[in-house]
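Structure at a glance
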Amino acid sequence: FFFLMIRRPPRSTQSRSSAASDVYKRQRYTMAQNLRKSPYQVNCMIAGIDNGEPSLYWADYLGTLQKVTKGAHGYAAMFVGGILDNFWREDLSFEEARKIVDYCINELNVRFLLNQRSFVIKVVDKNGIRVIS
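Now for a quick tour of the structure. Computed from a prediction, not measured in an experiment: that's the story for all the values here.

Time to look at the environment of valine 131. Structurally, valine 131 is set in strand β6 (residues 128–131). What makes valine 131 exposed here is its relative accessible area of 51%.

Structure, rendered in structure tokens:
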């Protein structure tokens, strides 16, 4: 899975299979508290390894968690959502996935309001987390 920001699982997590669940529980509590106090709206994507398989989750600002196969958030999602829908499939190779990320970055460079000169691409898989750009 590819995305531009990642949050580490808490150090209290005992196994990789519970990392996404643990992060979500803590995030949901924080979001619920702040929703009652202020206009606090944060959507986030959580990636990890569940039962030996890579997993990606989308948590919205109300604390709803949904397992997804691909995703982007913020204004960038409006530009790259179609690319992800058109090119993503279950059996992507690493090289094909990297090409899709390059398409997304190119689309943002051409159409997005802000001029982003550099991107950080991170891979989450059974070998851990690594930066590839």
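Next comes the rest of the description.
Here we come to the sheet that holds strand β2 (residues 44–50). By definition, the strands of a sheet pair up through backbone hydrogen bonds, in either a parallel or an antiparallel sense. The three strands lie next to each other as β2-β3-β4, forming an open sheet whose pairing is antiparallel. The open sheet is flanked by β2 and β4 (65–68), the only strands paired with a single partner. Geometrically, the sheet is characterised by an average inter-axis angle of 30° between neighbouring strands, direction not taken into account. Sheet topology places β2 next to strand β3 (residues 53–59); seven bridges connect them, and they run antiparallel. Bridge pairing in β3 links isoleucine 49 to proline 54.

Among the structural elements, valine 42 can be located in the loop between α1 (19–37) and β2. Sequence separation between valine 42 and leucine 62 is 20 residues, and the spatial gap between their C-alpha atoms is 8.4 Å.

Before going further, it helps to spend a moment on the nonpolar core. Judged by nonpolar contacts, the single largest core of 13 residues is most densely connected at Phe79, Val80, Leu84, Ile100, Cys104, Ile105 and Leu108. Elements supplying a minimum of two residues to this core: α2 (76–87) and α3 (94–111). Excluding residues within four positions of it along the chain, valine 80 makes contact with Ala72, Cys104 and Leu108.

Moving on, we come to the packing of α2 against α3. Running from N to C, α2 and α3 cross one another at 150°; their axes reach a closest spacing of 9 Å. You can see that α2 and α3 cross each other, and the crossing is right-handed. Contact with α2, carried on its side by Ala76, Phe79, Val80, Ile83, Leu84 and Phe87, involves Ile100, Tyr103, Cys104, Glu107, Leu108 and Arg111 of α3 and no other residues of that element. Residue composition of the contact of α2 with α3, grouped by class: ten nonpolar, no polar and two charged.

Looking at the element boundaries, aspartate 60 is found in the loop between β3 and β4. Aspartate 60 sits in the buried class, given a relative accessible area of 19%. There is a polar contact of 2.9 Å between the side chain of aspartate 60 and the backbone nitrogen of threonine 64.

A word on the pairing of β2. With seven of its seven residues buried, β2 lies for the most part within the structure. Burial of β2 is two-sided: the residues Cys44, Ile46, Gly48 and Asp50 facing one way and the residues Met45, Ala47 and Ile49 facing the other way are all buried. In sequence, β2 turns back onto β3 through a hairpin of two residues, with asparagine 51 there showing a positive phi of about 55°.

How each quantity is defined
- Residues numbered from 1 in each chain as written.
- Predicted model: local features only at pLDDT ≥ 70, side-chain atom pairs only at ≥ 80, totals over all residues.
- Heavy atoms only, no water.
- Helix = DSSP H or I, 4+ residues; strand = E, 2+ residues; numbered from the N terminus.
- Buried < 20%, exposed > 50% of the residue type's maximum accessible area, 1.4 Å probe, protein only.
- Pairing = 2+ DSSP bridges.
- Axes fitted to C-alpha atoms, helices over the stretch in contact; angles between N-to-C directions.
- Core = buried A, V, L, I, M, F, W, Y, C linked by side-chain atoms within 4.5 Å.
- Contact = heavy atoms within 4.5 Å.
- Left-handed = near helix turned anticlockwise from the far one by under 90°.
- Nonpolar A, V, L, I, M, F, W, Y, C, P; charged D, E, K, R; others polar.
- Polar contact = N/O pair within 3.5 Å; in protein donor to acceptor, adjacent residues only side chain to side chain.

Remember, this is a structural readout, not a statement about activity or role.
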